[in-house]
Amino acid sequence: MSKSELRVLRQDEQAVCCSPMVREPLGKADAGDLARMFKALSDPVRLRLLSLIASHEGGEACVCDLTGPFDVSQPTISHHLKVLREAGLVGSERRGTWVYYWVLPAALARLSSLLQTSAEPTEVGAC
């Protein structure tokens, strides 16, 4: 996907977007956008990267902090971060020679709202 195709989520879009699937079917455009996000998260390395970024002190992580926990090369980590960025799950900024990443809360809220089974959030004890 090129940068011109990437749809940037606004902070207020989380309330506008997706009703839970149990209330109404997804439209074609929403299904495509959400499928890209879920596809990005379907890889164990990318899921762990997202978790590392989200739980990092200060809410953002330098790419230099993300390479150690994995048995893959730095270029592979960069590829996975690019996939997460293009899916709209993380934002990034170059500062000097390093790139810093942070999770986009609106994107996670969008995914979460889609999977709700009722109007009230429920506790999940699976983790």
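Here is what the cut-offs are and how they apply
- Sequence positions are assigned chain by chain, starting from 1 and proceeding in written order.
- Only residues with pLDDT of at least 70 get local features here, since the model is predicted, and only at 80 or more are side-chain atom pairs given and counted; chain-wide, interface and lining totals rely on the full set of residues.
- Think of the side-chain values as coming from all heavy atoms in the structure, minus any hydrogens and water.
- Going along the chain from the N terminus, every DSSP run of H or I of four or more residues is numbered as a helix, and every run of E of two or more is numbered as a strand.
- Burial classification: accessible surface area is computed with a 1.4 Å probe over protein chains only, and a residue below 20% of its type maximum counts as buried, one above 50% as exposed, and the rest as partly exposed.
- We call two residues contacting when some pair of their heavy atoms lies within 4.5 Å.
- In this scheme, a helix's expected span is set at 1.5 Å multiplied by one less than its residue total.
- Two strands are counted as paired when DSSP detects at least two bridges linking them.
- For helices, the fitted axis covers only the stretch in contact; all axes are lines through C-alpha atoms, and the angles between them, taken along N-to-C directions, range from 0 to 180 degrees.
- As used in this record, nonpolar core signifies buried Ala, Val, Leu, Ile, Met, Phe, Trp, Tyr and Cys residues forming a set joined through side-chain atoms within 4.5 Å.

**Overview of the environment of V99**
Then step 1. Its place among the elements puts V99 in strand β3 (residues 98–103).
Then step 2. Residue class for V99 comes out buried when judged on its relative accessible area of 15%.
Then step 3. Residues contacting V99, with those up to four places away along its chain left out, are A61, C62, V63, S92, E93 and R94.

**A closer look at the side chain of D33**
Then step 1. By secondary structure assignment, the location of D33 is in helix α2 (residues 28–41).
Then step 2. Here D33 falls in the buried class, since its relative accessible area comes to 15%.

**So, helix α5 (residues 74–86)**
Then step 1. Compared with the 18 Å implied by 1.5 Å per residue over 13 residues, the 18 Å span of α5 between its first and last C-alpha is a close match.
Then step 2. Structurally, α5 contributes buried residues whose contacts are with α2, α3 (44–55), α4 (63–66), β2 (90–95) and β3.
Then step 3. The first or second residue beyond α5 is G88, which carries a positive phi of 85 degrees.

**Examining the sheet that holds strand β1 (residues 60–62)**
What links the strands of a sheet is backbone hydrogen bonding, and the strands pair in either a parallel or an antiparallel sense.
Then step 1. Pairing is antiparallel across the open sheet formed by 3 strands, whose spatial order is β1-β3-β2. The open sheet terminates on both sides in strands that have one partner only, identified here as β1 and β2. Across the sheet, the mean angle separating the axes of adjacent strands is 25 degrees when strand polarity is ignored.
Then step 2. Here β2 runs beside β3; their pairing, made up of 6 bridges, is antiparallel. Residue pairing for β3: R94 is matched across the bridge by V99.
Then step 3. α3 contacts β1, β2 and β3 of the sheet and is inclined by roughly 90 degrees relative to β3.

**Here's the deal with the side chain of H80**
Then step 1. Here H80 lies in helix α5.
Then step 2. According to the relative accessible area criterion, H80 is buried, its value standing at 8%.
Then step 3. When residues no more than four places from it in sequence are discounted, the contact partners of H80 are D43, V45, R46 and L49.

**Quick word on the nonpolar core**
In a soluble, globular protein the nonpolar side chains are often hidden away together inside.
Then step 1. Ranked by size, the top nonpolar core spans 24 residues in total, and within it L49, I53, L81, L89 and Y101 carry the most contacts.
Then step 2. With sequence-adjacent residues up to four places away left out, L81 is seen in contact with L49, I53, V63, L66, V90 and Y101.

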